[in-house]
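Architecture at a glance
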Amino acid sequence: MSGFFITFEGGEGAGKTTILQAIATRLTDRGYDVITTREPGGIKISEKIRDIIHDPDHTEMEERTEALLYAAARRQHLVEKVLPALEQGKIILCDRFIDSSLAYQGYARGLGIDEVLSINQFVIGDCMPDLTLFFDITPKKGLERIAANKDRERNRLDLENLGFHEMVYEGYQILKDKFPNRIQTIDADQSMDLVERAVLDRIINFIK
């Protein structure tokens, strides 16, 4: 039996992390076998790589180094957590996956979407998400949410200017056109209750 690999994507402050946890609870209450995870991270080695990538002191990190660190964390996470869970028939809700690398490093950092895709195809093989939900909110509003949320983890990417985050947003628009059968858009610029309801409906309809 194979499970479902569902990824949550979007820019900073889109609310996907909060919604992911709420959806996991809703699905579990309905009897589904769900695990939640995140990238970079999810398992011990990948969390340590996350610390290196996100450390605000590491502003000198070069673009290709960044892309390769994300890919290394992704590989370990995939083989140690994602693939075994899929084989057990679980529903995996993952906060970010390959599309983040394509939008952030491929497009916004200027490495090239196809180039970063090539690196990651070596990493993931044929394990692409079954469904990806893109949380759509303008970068300006997303960053305003971050500024208002004092409890949120602050990382190196939060130090980037608005122009960088606008490039990330453009990158996601390109990915939506590149993978239209996989990536579905969620209007994240509304109340959390409405976003949660929309996400739950999309996932339930997909897995049924």
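Looking at an unreviewed UniProt entry, one finds the protein named Thymidylate kinase and attributed to Oceanobacillus polygoni. In its Function (unreviewed entry) section, the UniProt entry covering the protein states "Phosphorylation of dTMP to form dTDP in both de novo and salvage pathways of dTTP synthesis." Recorded under Catalytic activity (unreviewed entry), the UniProt text for the protein is reproduced unchanged: "dTMP + ATP = dTDP + ADP".

1. Some thoughts on the sheet that holds strand E2 (residues 34–38)
The strand order across the open sheet formed by five strands is E2-E3-E1-E4-E5, and the pairing between neighbours is parallel. One side of each edge strand has no neighbouring strand; the edge strands of this open sheet are E2 and strand E5 (183–187). With strand direction ignored, the average angle separating the axes of adjacent strands in the sheet is 25°. Where helix H3 (residues 63–87) meets the sheet, its contacts fall on strand E1 (4–10), E2 and strand E3 (91–95), and the angle it forms with E2 comes to roughly 160°. Running at roughly 25° to E1, helix H4 (residues 98–108) makes contact with E1, strand E4 (131–136) and E5 of the sheet.

2. Remarks on the packing of helix H6 (residues 139–148) against helix H7 (residues 162–178)
Pairs of packed helices are described in terms of their axes, by the angle between the two and the distance that separates them. Two elements in contact, H6 and H7, have axes whose closest approach is 9 Å; the angle formed by their N-to-C orientations is 120°. With respect to each other, H6 and H7 are oriented oblique. Considering only the axes of H6 and H7, their crossing is right-handed. Residues Pro139, Lys140 and Leu143 of H6 touch H7, and the partners they reach there are Leu162, His165, Glu166 and Tyr169. Here the contact of H6 with H7 is composed, by residue class, of four nonpolar, one polar and two charged.

3. What about the environment of alanine 198?
Mapped onto the elements of the fold, alanine 198 is located in helix H8 (residues 192–207). Given the relative accessible area of 25%, alanine 198 is considered partly exposed. For the pair alanine 198 and histidine 165, spaced 33 residues apart in sequence, the C-alpha to C-alpha distance is 25 Å.

4. Things to note about unusual backbone geometry
With an omega of -15°, the peptide bond running from glutamate 39 to proline 40 counts as cis. The residue proline 40 is located in the loop between E2 and helix H2 (44–54) in this model. At arginine 96, a position not held by glycine, the phi torsion is positive, near 80°. Relative to the assigned elements, arginine 96 resides in the loop between E3 and H4. The class for arginine 96 is buried, based on a relative accessible area of 12%.

The rules behind the values
Note that residues are indexed from 1 along each chain, following the sequence as it is written. Side-chain atom pairs in this predicted model are given and counted only at pLDDT of 80 or more, local residue features only at pLDDT of at least 70, and totals for whole chains, interfaces and linings cover all residues. To obtain the side-chain values, all non-hydrogen atoms of the structure were included, while hydrogens and water were left out. UniProt positions are given in the numbering used here, feature names are shortened, and annotations may be inferred rather than shown by experiment. Note on pairing: DSSP must find at least two bridges between two strands before they are called paired. Each helix is a run of H or I in the DSSP string that is no shorter than four residues. Each strand is a run of E no shorter than two, and both are numbered from the N terminus. To define axes, lines are fitted to C-alpha atoms, for helices over the stretch in contact only, and angles between the resulting N-to-C directions are given on a 0 to 180 degree scale. We call two residues in contact when some of their heavy atoms are within 4.5 Å. An angle below 35 degrees is read as roughly parallel, one above 145 as roughly antiparallel, one from 65 to 115 as roughly perpendicular, and any other as oblique. Less than a right angle of anticlockwise turn of the near helix away from the far helix marks a crossing as left-handed, whereas a clockwise turn marks it as right-handed. All residues other than Ala, Val, Leu, Ile, Met, Phe, Trp, Tyr, Cys, Pro, Asp, Glu, Lys and Arg, Gly among them, are scored as polar; the first ten of these are nonpolar and the last four charged. To sort residues, take the accessible area from a 1.4 Å probe on protein chains only and compare it with the maximum for the residue type: under 20% means buried, over 50% means exposed, and anything in between is partly exposed.

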